[in-house]
Amino acid sequence: VDDCDLASCASNSSCHDVIGGDRIENILWRLDHGALDGVSPKVIVLMIGVNNAPLVHANGVPASAVAHGIKLCLENVRLRCPKAQIVLVKILPAFDPAKEVGARVREINAAIDGYDLNADSHIHVLDLWKDFTNTDGSLKTSLYSDQHLHLGVAGYEILASKLKLVVEPLLK
């Protein structure tokens, strides 16, 4: 992941199942076709949904449907790895938060909040919105390699440091 190794936040071995451009439906398919077969991780970090956000407006998909898809991914992972602690990173701010797609990201995250996922002691929701936006709500573009979607080194450093605070205690 660029020049910043997110795996460094874990002293144990780790693996990444990341495919750029993936959407929720792709992840659900991989989960249903063996992505977690034969593994029993202590911690799983799930960071999904941003690639579905542009489809909300373009295809008329409600933001709540994207949030429901994220919940389905969590349920699927929880079923396949019942002992694992799962860290859900809410969708990071992307695009222009004041415009259509950026506003849909906020709506999806708000819909995720409605599920009260933290009620499950194995699920830990990490909201980094304030870390990636200025006080006026605009993106901290210096954290993005393309200034709106893909994190740059500085963005990955923030992500890794925030993940470390959540993941390290779960590994003990």
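Predicted model, so just to flag it, every value in this text is computed and none were measured.

Cut-offs applied
Residues numbered from 1 in each chain as written. Predicted model: local features only at pLDDT ≥ 70, side-chain atom pairs only at ≥ 80, totals over all residues. Heavy atoms only, no water. Pairing = 2+ DSSP bridges. Helix = DSSP H or I, 4+ residues; strand = E, 2+ residues; numbered from the N terminus. Axes fitted to C-alpha atoms, helices over the stretch in contact; angles between N-to-C directions. Contact = heavy atoms within 4.5 Å. Expected span 1.5 Å × (residues − 1). Buried < 20%, exposed > 50% of the residue type's maximum accessible area, 1.4 Å probe, protein only. pLDDT = per-residue confidence, 0-100.

**Notes on the sheet that holds strand β3 (residues 123-126)**
Thinking step 1. As summarised here, the arrangement of the three strands in space is β1-β2-β3, forming an open sheet in which the pairing is parallel. The two strands at the open ends of the sheet, each matched to only one other strand, are β1 (43-46) and β3. Going from strand to strand, the sheet's axes swing by 20° on average, the running direction of each strand aside.
Thinking step 2. As paired strands, strand β2 (residues 85-89) and β3 are joined by four bridges and run parallel to one another. Looking across to β3, one finds that V87 is bridged to H124.
Thinking step 3. On top of the sheet, helix α3 (residues 63-80) reaches β1 and β2; it is set at about 165° to β2, its chief contact.

**Looking at helix α4 (residues 100-113)**
Thinking step 1. Taking 1.5 Å as the rise per residue, α4 with 14 residues should run 20 Å; its terminal C-alpha atoms sit 20 Å apart, in good agreement.
Thinking step 2. Among all positions of α4, only G102, A103, R104, V105, I108, N109 and I112 are buried.

**Section: the confidence of the model for the protein chain**
Thinking step 1. Of all residues in the protein chain, 90% attain a pLDDT of 70 or more, and the chain-wide mean is 88.
Thinking step 2. Looking across the protein chain, the model is least confident in helix α2 (residues 53-59), with a mean pLDDT of 80, and most confident in β3, with 98.

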